[in-house]
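For reference, the chains in residue letters:
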Amino acid sequence: MLKLAVIAGTNREGSRTLRLARHVLYRFEAAGSVGTLVDLRELPPDALLSTAYDQRPPELEPMVDAIMEADGLVVVTPEYNGGFPGVLKLFIDLLPHPESVRDRPVCLIGISKGRWGAMRPVEHLAQLWHYRNGFVFPERLFVHDALEGLADDGAPTDARQLRHLDALVPNYLAFLRRLRGYPDPEEG
Ligand SMILES: Cc1cc2nc3c(=O)[nH]c(=O)nc-3n(C[C@H](O)[C@H](O)[C@H](O)COP(=O)(O)O)c2cc1C
């Protein structure tokens, strides 16, 4: 069974990104994978110490383990001032290097109040992933107009975005299976 880590890319209380990330995880689990939600509100304060790059705070290890043990990563990022949140960059910078990104697949999902659905931060994350020799799943989901665009359960309210998510979930799992050389259950 494929194992995922879904990162909610901000630590803001009341974040819509976290709500969407929970829904995305639910969708992947409903499609037959198992997953862990990586909630950046759990980042320990010591992650900000100047020594954290050389000596990761022990409290960070469960989050690091979730990343390292996953077959595939999903990053759900909001747009903050035209980029992805600093706390997400800090988390990535504290992960084991280079093995946390190199040869690791990632699916990128954006959410923003504005009309572009966090396209800028998603593309910046893709750039980071390419630079560090990771595998970016080519399909992205951009959830725009987040204030009215997200239901209470975290599902996008827009019918086209829902259809897109319906396709993205099995397609990403198939992408992961191809990368791992697992047989495709459809081709039994
Ligand atoms: C610090 C900060 C900066 C933001 N900058 C942008 C922005 O540049 N463009 C945009 O469309 N929305 C911006 N937003 C609004 C977020 O897109 C909105 O809050 C959305 O719900 C996703 O973020 P959330 O997970 O914090 O809720 C910003 C929000 C915060 C807290």
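Anything mentioned here points back to the structure above.
We now turn to the structure provided with this report.

Following His97, the chain continues to Pro98 via a peptide bond in cis, the omega torsion being 5°. Inspection of the secondary structure assignment puts Pro98 in the loop between helix H3 (86-94) and strand E4 (105-111). One non-glycine residue, Asn81, lies in the positive phi region at around 50°. Assignment of secondary structure puts Asn81 in the loop between strand E3 (72-78) and H3. Here Asn81 falls in the exposed class, since its relative accessible area comes to 87%. Positive phi outside glycine occurs at Ala118, with the angle close to 65°.

On to the site of the ligand. Near the ligand lie 15 residues; those nearest to it are Arg12, Ser15, Thr17, Tyr80 and Asn81. Contact distances for the ligand include 2.5 Å between an oxygen atom and a side-chain N or O atom of Tyr80. In the model, a nitrogen atom of the ligand is placed 2.8 Å from a nitrogen or oxygen of the Asn81 main chain. About the coverage of the ligand: the protein hides 75% of its 590 Å² of free accessible area. Considered class by class, the residues forming the shell around the ligand number 4 nonpolar, 7 polar and 4 charged.

If you walk through the whole model with that rule in mind, you get 9 salt bridges. Taking the shortest distance from any N to any O, the salt bridge between Glu69 and Lys3 comes out at 3.9 Å. Of this pair, Glu69 sits in helix H2 (residues 61-69) while Lys3 sits in strand E1 (residues 3-8), and the two are 66 residues apart along the sequence. A relative accessible area of 49% places Glu69 in the partly exposed class. With its nearest N and O atoms 3.1 Å apart, the salt bridge here joins Arg41 to Glu13. Within this pair, whereas Arg41 is found in the loop between strand E2 (34-39) and H2, its partner Glu13 is found in the loop between E1 and helix H1 (16-30), the two being separated by 28 residues in sequence.

Counting buried positions along E1 yields 5 of 6 residues, so the element is predominantly enclosed. In terms of strand pairing, E1 meets E2 through 6 bridges, oriented parallel. Within the sheet, the bridge partner assigned to Ala5 lies in E2 and is Thr36. With H1 bridging E1 and the parallel E2, this β-α-β connection has right-handed handedness.

Conventions and cut-offs
Residues numbered from 1 in each chain as written. Predicted model: local features only at pLDDT ≥ 70, side-chain atom pairs only at ≥ 80, totals over all residues. Heavy atoms only, no water. Helix = DSSP H or I, 4+ residues; strand = E, 2+ residues; numbered from the N terminus. Buried < 20%, exposed > 50% of the residue type's maximum accessible area, 1.4 Å probe, protein only. Near = heavy atom within 4 Å. Polar contact = N/O pair within 3.5 Å; in protein donor to acceptor, adjacent residues only side chain to side chain. Areas by Shrake-Rupley, 256 points an atom, 1.4 Å probe, with all protein chains shown as cover. Nonpolar A, V, L, I, M, F, W, Y, C, P; charged D, E, K, R; others polar. Salt bridge = Lys/Arg side-chain N within 4 Å of Asp/Glu carboxyl O. Pairing = 2+ DSSP bridges. Right-handed = clockwise from strand over helix to strand, strands pointing away.

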